Every structure is written in structure tokens, then in C-alpha cells.
Amino acid sequence: MKLSRWALVAAPLAVAACGIGGAMKSETDVVAKAAGKELRVEDAAQILAANPQIPTDPQVVRQLADLWVDYTLLATAAAEDTSLSVLDLDDFVKEEQDEQVVYRYLEAQVKPDTSFTDAELDQLWNSEGPGVEVRARHILLKPAAEATPAQREQLRARAEAIRVRAAGGEDFAALARETTEEPGGKERGGDLDWFGRGRMVPQFEEAAFKLQAGQVSPVVETPFGYHVIKVEDRRQQPIGENREGWRQHLKGTAQQRALTTYIDSLRKTAKVVVQTGAEESVRELAGQENLNLRGRAASRQLVAYQGGEVTAAEVAEAMQGVPGQGRDQLKSASAEQVKEFLETQALKEFLAIEARQKNFRLPAAAADSIRTQAREAIREILRMSGLANRRFPKGKAGNGAIQEAVRNLMEQAVAGQRQLPPLAKLGYALRNAYGADVNSESFQKVADRMKAIRASQPAPQQQPGFPGGMPPGAEGMPGQPQPGQPQPGQPQPGQGPQPGQPQPQAPQPQDGPAPAAPAPGQKQ
């Protein structure tokens, strides 16, 4: 089962640390430090200014600083041992293994009936399948902009009286010519022709698609006013070769509904309570360079649940596994999104405790698979970066060689010549092992220096191969995958059976007469 409910919460709230020292405020010429090596303002400005399409934006400098720290630490670790023995692999994969315990435990608890007979498939295809269209008429009564609640209620009563007449068998087109207030509606007898899903405002669409041919709706309120709807006909392409795809879609839908119901009930059982001020505390954490909390700051309770709590330290740890630019996503998230993120952390802990109490464990083969995936992901990053077979001398000469190699990687990434994904959780583990720091106060200085460098240089020639267009990686920081792409350096989740959800092709709407302007009920 694909546990997309967790993913929907986690995706918009991915956040990460940019460093762990936080002691560089006075070093205005240093952008970042890692394992005894430095990225200076002039170096960062020269690297970024080389691509004229890179904006002089402090956030782009942040991306470069994080990437430089990641790969400086990776090169340092690889120089010591290409297997990255500095990492405790069991500790590195523990979070993923815990996630898999929760994942599999949920699968064991949520087992909906996903069997569908051919007759049920046909009925659901004809009523809910993609491509269903209805032909309908409607009558609209429009309240005045300044209408009082009493006046709106009177208008609704008029609509209800019209509905009773229509349901009693009166000619709907004649009723529309007599009563509708839709512009142009009287002339058309309220006819809306054929339409599919997505064409009307949600309240109107939901009511219309519930009706079978010949049925009249209850009074429907939309932003346009009060509607009475009559569906005259329905059509759908034959299910044909879409049958198995539709069956898998319905299975997936049934599983997701069951999961949603289970999690909603779990919220009540777990008695999750987000503490006052917790949302603001999370935003403060997202703005901190140091996510290794200690003492009272670490133990502060953000969420309470039946039998446990989520502390600031646990939330900070959850923020460590993704790239630094995700911090800004959390800062701009709504209070409701932050609250849901915290509730999700609590529910995952609650489920993990419940699973342990029932002696529910990850099979040894699955645990070994996660470790293997982690090793393979590390090897792939080393290969992609060209560090897999690179040999560096020892001592100061080695440090200089590493700095030169990483600068070359950054230049290639900025030029769009090499893909360098952020190292996510691997990067943070390396920060913990070697130490690193990023100086956010230097970012604007780098951006200003980029402007000065470009101003002193002749206008760049059009890059070959990109006439009139943008060079590789021109949007944001080149050399990095776009948001949403998988990021190496972190063991990928083990995949349980995932219901396929193919979208059968819907028939194209037939051409037909349409009013000059969108009818009330239609999306603008």
C-alpha cells in the first residue's frame, strides 16, 4: 500500500540544517567551513558569477554553500576510505528502518475489501469513471450583492418551490424560460449542453454528477446563487480494455480511503495535542544553523500523545535529512500545515510504540535490504561526483587537493556540466562526523561581489547550442535535480505493493453550441 498520506504531509515541510557550528558570524570573508577547509566569499562569487544566468540572490549562495559543504565532507571521507567507514551504517539507516516498521504495521492493520465483480466495475465506470459526461439544464436564482440573510433565505425558498415543480414533472426548459436569472439562460431553456468533470464549480459538479438521466437535484448553492439542476442524459465510453486498469484504480482508492479512515480514528485514540506555540518553535528551528539541540531546548515538549511526546530534539532530528533550501518552505507554510506536520510526527511515534508492544518487527531480510540500498546509494554518489576512484595525498597537500577537486565540482555544477544532488541525510551525518558551518551573513556579500565581477567583465557571448534560450541549470542553482526528484545519499524507502492507478483516456467532448460567456456554475 502506498502510504501517500504521510508523503503529502512530509513533502511540503522538508527542512534541513545548513551547518552545525553557528560560530562564524564575525568571519565575514568565509562562507562555509568543513573538515578544516574553507569556502571564501571571493571563491564563491567567482564560481557563481561565471554563469551569467545565475541570479545574484543570497538563496542561490546558500545552495552553493550547502553543496560545497556536502561534497567537501564527502571527498574528505572518501580520501580516508572509499567505503566511508567514518559513518556508523546501522545508526545511519535506523530512521529508515523505523519508518519501514510503521509502514508495514499500517499495512497489516488496514486491509480493505478490494474485490470488485465485473458488474460492480461496469457500474462504477459508468458513474465515476474518467470521461463521464452529462447533458444538463439548470435554473439559477441570483441574490443581490447586498442581500441580507433573510433575503437569501427567501430566494432559496423560491428555488425550492421551483424544484418541487420540476420534480413533479413540469417541462424543465419551460420552467427555465419562465424563472431563470442566468444571462442568456431563458433563451436556451437553461441548457448547458454536454460537460465533463472539471468544467463547473465544485458544488455544481458534485450535484450534477450524482444524478441519473431524468433526475432533478436538490437546491444547490454556489458562488453564483441558487441552482436547480436536471440531468437529461449521461454518456461514457465503453470500459473495454480499460477494465483492469480501472480495477487497479478502484483498489488503490479503496486502500487510500481505508488508510485515511484509520489515521483519522488514530488521531482520536492517540489523543494528539499540539502545544501552544509549537508551530512557532518549529519555524525557529528551521531558521537555526545548529540542529544538535541539548538541555532544556532539546527536551521541550511540542506535541503530547497517549503514552508519549514529541520533543524539539526529535523534530530537529527529523529536519536533518533533506537539503537546506527546504527550510524556506517551512517558514512559508501555513500554521495548519505545520500543525499537521507535528501531528504526523506524533502519530508515527505512537504507531511505532504500538508495533513494539505487539512485537511487530522488521524482517531481517528487509533490514539487510535497507543497509544494502544505503551502501549502493553512497557508491552511486561517489561515482556521479567522480570521487569513487580519486586518490588524494595525506596532510596539507591532501587538503589542498580536496579543495581544488571540490571547487572543480562546483564550477561544473554551476555550468550545468555535472549533476550534484544535495546529500540530504548523508550530508548531515558527515557534518556530525567532521564538523561544518555555514555563515548566512556572508550570502549578501557574495551576491554583491558577483555583481561587481560581472560589471567588470565584457558582456558574455550567446552560449552555443542555446540560441535565444537558457543554458543548462539557468533556473536557480544548476547541477542539482529539480524539487521532487529522488535525492541520492539516503536509503530509499522499501516499496510495499503499490496499487496502480492508471488513468484511462477519456473521450474528447463533442463540439457543440456554447454561450458567448461562461454560464453561471462554470469555472471562469
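Residues numbered from 1 in each chain as written. Predicted model: local features only at pLDDT ≥ 70, side-chain atom pairs only at ≥ 80, totals over all residues. Heavy atoms only, no water.

Counting secondary structure elements, the protein chain contains 19 helices and 10 strands. A burial count over the protein chain gives 46% of its 524 residues as buried. Long-range contacts, defined here as pairs at least 24 residues apart, represent 81% of the contacts in the protein chain between residues at least 6 apart. Split by element, the accessible area of the protein chain, about 25800 Å² in all, is 49% carbon and sulfur. (Helix = DSSP H or I, 4+ residues; strand = E, 2+ residues; numbered from the N terminus. Buried < 20%, exposed > 50% of the residue type's maximum accessible area, 1.4 Å probe, protein only. Contact = heavy atoms within 4.5 Å. Areas by Shrake-Rupley, 256 points an atom, 1.4 Å probe, with all protein chains shown as cover.)

All right, on to the pairing of strand S3 (residues 133-141) then. Taken across its nine residues, S3 has eight buried, putting it largely inside the fold. The pairing of S3 with strand S4 (residues 191-196) spans four bridges and is antiparallel. When the bridges of S4 are listed, Val134 appears paired with Phe195. In terms of strand pairing, S3 meets strand S6 (residues 225-235) through nine bridges, oriented antiparallel. Looking at S6, one finds that Leu140 is bridged to His227. (Pairing = 2+ DSSP bridges.)

Working definition: two side chains of opposite charge can pair if their charged atoms are close together. Counted by the stated rule, this structure contains 32 salt bridges. Between Asp191 and Arg135 there is a salt bridge, with the nearest N and O atoms lying 2.9 Å from each other. Taken as a pair, Asp191 in strand S4 and Arg135 in strand S3 lie far apart in primary sequence, 56 residues in all. Glu206 is paired through a salt bridge with Lys210; the nearest N and O atoms lie 3.5 Å apart. You can see Glu206 and its partner Lys210 sitting in helix H9 (residues 202-210), four residues apart, about one turn around the helix. (Salt bridge = Lys/Arg side-chain N within 4 Å of Asp/Glu carboxyl O.)

Of all residues in the protein chain, 79% attain a pLDDT of 70 or more, and the chain-wide mean is 81. Within the protein chain, helix H1 (residues 4-10) has the poorest average pLDDT of any element, 31, and helix H7 (residues 172-179) the best, 97. Within the model, pLDDT remains below 50 along residues 1-23, and this stretch shows 89 contacts once partners closer than five positions in the same chain are excluded. (pLDDT = per-residue confidence, 0-100.)

Quick look at unusual backbone geometry now. In the Ramachandran plot, Leu84 falls in the positive-phi region, its phi being about 55° despite a non-glycine side chain. Structurally, Leu84 is set in the loop between helix H3 (58-80) and helix H4 (89-109). On the basis of relative accessible area, Leu84 is assigned to the buried category, the value being 3%. One non-glycine residue, Asp193, adopts positive backbone phi at about 60°. Note that Asp193 resides in strand S4.

What follows covers the nonpolar core. In this structure, Tyr71, Leu342 and Met410 are the most contacted members of the largest nonpolar core, which totals 93 residues. It is H3 that contributes the most residues to this core, 13 residues altogether. Counting residues in each nonpolar core, the second largest holds 15 residues, with Val132, Ala136, Leu211 and Val220 among its members. (Core = buried A, V, L, I, M, F, W, Y, C linked by side-chain atoms within 4.5 Å.)

With respect to topology, three strands assemble into an open sheet ordered S2-S1-S10, the strand pairing being antiparallel. The open sheet terminates on both sides in strands that have one partner only, identified here as strand S2 (37-40) and strand S10 (436-438). Going from strand to strand, the sheet's axes swing by 20° on average, the running direction of each strand aside. Strand direction decides the pairing type here: strand S1 (residues 30-34) and S2, joined by four bridges, are antiparallel. Within S2, the position partnered with Ala34 by the bridge is Lys37. Contacts from H3 reach S1, S2 and S10 within the one sheet, and its direction differs from that of S1 by about 25°. (Axes fitted to C-alpha atoms, helices over the stretch in contact; angles between N-to-C directions.)

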